[in-house]
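# Reading the structure
So the chains spell out like this:
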Amino acid sequence: MGDTIPTGADRVRANRLVDGPLALFVYGTLQFEAVLTGLVGRIPDHRPATAPGWRAAALDARVYPGLVPAPASEAHGLLLTGMSEREWRILDTFEDDQYDLRRLDLACGSAAWAYVWQGGDVRAEDWDARDFQDRHLQDYAARCARIAPALEAKASTGRG
């Protein structure tokens, strides 16, 4: 999807939430309670989920992963439900234009939306959630809490 529309010096994110997504499959940093709490102020309802045909790939020079097609793999994560429009907008603003919001089929038979990586720099190995938790989670969650007010302001004005 073209996520941005140039408008002079500013770029405005197209409304990726126009279809009213109900559930979000998260496979990376958004699986961690501290990150979700830092961004949206609470932990939405959730349950384990798997997306067959995808993997959470490690990315060069980044501590977070990208969901990429991988026919022989499956990405493990959480299915977030019961989020408010405000929470959706904050998370959509948090995910930059290198991610495309797409509908995926999950192993449980239901479908959900997920942020699929569109950028480059995909590494051959999968992202290591345990390594992220041990080495980066504390600082990453603190950063999310610091930027949350700006994300909410951008989300409320429709500017990404």
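One structure accompanies this document, and this report is about it. (Residues numbered from 1 in each chain as written. Predicted model: local features only at pLDDT ≥ 70, side-chain atom pairs only at ≥ 80, totals over all residues. Heavy atoms only, no water.)

### Comments concerning the overall build of the protein
This is how the line gets drawn: The numbering of helices and of strands both runs from the N terminus, where a helix is a DSSP run of H or I of at least 4 residues and a strand a run of E of at least 2. Note on classification: 1.4 Å probe, protein chains only; a residue is buried when its accessible area is under 20% of the maximum for its type, exposed when over 50%, partly exposed between these limits. Here, two residues are considered to be in contact whenever any of their heavy atoms come within 4.5 Å of each other. The accessible surface values rely on the Shrake-Rupley method and a 1.4 Å probe; as for residues, cover is taken only from the protein chains in view.
Summing up its helical and strand segments, the protein has four helices and eight strands in all. Reading the protein from its N terminus to its C terminus gives the helix and strand order β-β-β-α-β-β-α-β-β-β-α-α. By the burial criterion, 43% of the 160 residues in the protein qualify as buried. Within the protein, contacts between residues at least 6 apart in sequence are counted, and of these 72% link residues at least 24 apart. Total accessible area computed for the protein in this model is approximately 8,300 Å², and 50% of it derives from carbon and sulfur atoms.

### Considerations on the pairing of strand E3 (residues 23-26)
Applied cut-off: Here the rule is simple: two strands pair whenever DSSP picks up at least two bridges between them.
Burial along E3 is two-sided: the residues Ala23 and Phe25 and Leu24 and Val26 are all buried. Looking at chain direction, E3 and strand E7 (residues 111-117) are connected through two bridges and run parallel. When the bridges of E7 are listed, Phe25 appears paired with Ala114.

### As for the nonpolar core
Heads up, the condition is: Side-chain atoms within 4.5 Å are what join buried Ala, Val, Leu, Ile, Met, Phe, Trp, Tyr and Cys residues into a set we call a nonpolar core.
Residues Leu24, Phe25, Leu30, Val35, Leu39 and Leu67 are the most contacted members of the largest nonpolar core, which totals 46 residues. Among the secondary structure elements, those contributing two or more residues to this core are E3, helix H1 (33-40), strand E4 (45-59), strand E5 (66-81), helix H2 (85-94), strand E6 (99-105), E7 and helix H4 (137-157). Residues in contact with Phe25, not counting those within four places in the same chain, are Ala49, Thr50, Ala51, Ala75, His76, Gly77, Leu78, Leu79, Leu106, Ala112, Trp113 and Ala114.

### Topic: the layout of surface pockets
The following threshold applies: For cavity detection a 1 Å grid was placed over the protein atoms alone, and a set of points counts as a cavity when a 1.4 Å probe fits there but cannot get out; an open set counts as a pocket when protein lies on both sides within 12 Å along at least five of seven lines, with lining residues being those that have an atom within 4 Å of a point. Grid points are joined across faces, edges and corners, and a volume is the space filled by probe spheres set on the points. Three classes are used, and their members are as follows: Ala, Val, Leu, Ile, Met, Phe, Trp, Tyr, Cys and Pro are nonpolar, Asp, Glu, Lys and Arg are charged, and the others, Gly among them, are polar.
Roughly 360 Å³ of internal volume is contained in the largest pocket. What lines the largest pocket is a set of 21 residues, among which Phe94, Glu95, Asp96, Tyr99 and Tyr140 lie closest to the centre. Among the elements of the structure, E3, H2 and H4 are those that each provide at least two residues to the lining of the largest pocket. If you tally residues by element for the lining of the largest pocket, the top one is H4, at five residues. Tallied by class, the residues present in the lining of the largest pocket amount to twelve nonpolar, four polar and five charged. Approximately 180 Å³ is the volume found for the second largest pocket. Lining the second largest pocket are 16 residues; nearest its centre among them are Arg62, Val63, Arg123, Trp127 and Asp131.

### Points about unusual backbone geometry
Phi at Ala61 takes a positive value of approximately 60 degrees, unusual for a residue other than glycine. When you line up the elements, Ala61 lands in the loop between E4 and E5. Backbone geometry places Asp121, a non-glycine residue, at a positive phi of 65 degrees. Looking at the secondary structure, you find Asp121 in the loop between E7 and strand E8 (122-126).

### Observations concerning the pattern of salt bridges
Rules: Put simply, a salt bridge is a Lys or Arg side-chain nitrogen that is within 4 Å of an Asp or Glu carboxyl oxygen.
Here the structure, examined in full by the defined rule, presents nine salt bridges. Its salt-bridge partner being Arg89, residue Glu85 comes within 3.0 Å of it at the nearest N-O pair. Remark: Arg89 and Glu85 occur in helix H2; sequence separation between them is four residues, near one turn of the helix. Assessed through its relative accessible area of 55%, Glu85 is described here as exposed. Judged by relative accessible area, Arg89 falls into the partly exposed class, the value being 27%. Residue Arg123 is joined to Glu125 by a salt bridge in which the shortest nitrogen-to-oxygen separation is 2.2 Å. According to the relative accessible area criterion, Arg123 is partly exposed, its value standing at 35%. Salt bridges sharing partners connect three or more residues here, namely Asp60, Arg123 and Glu125.

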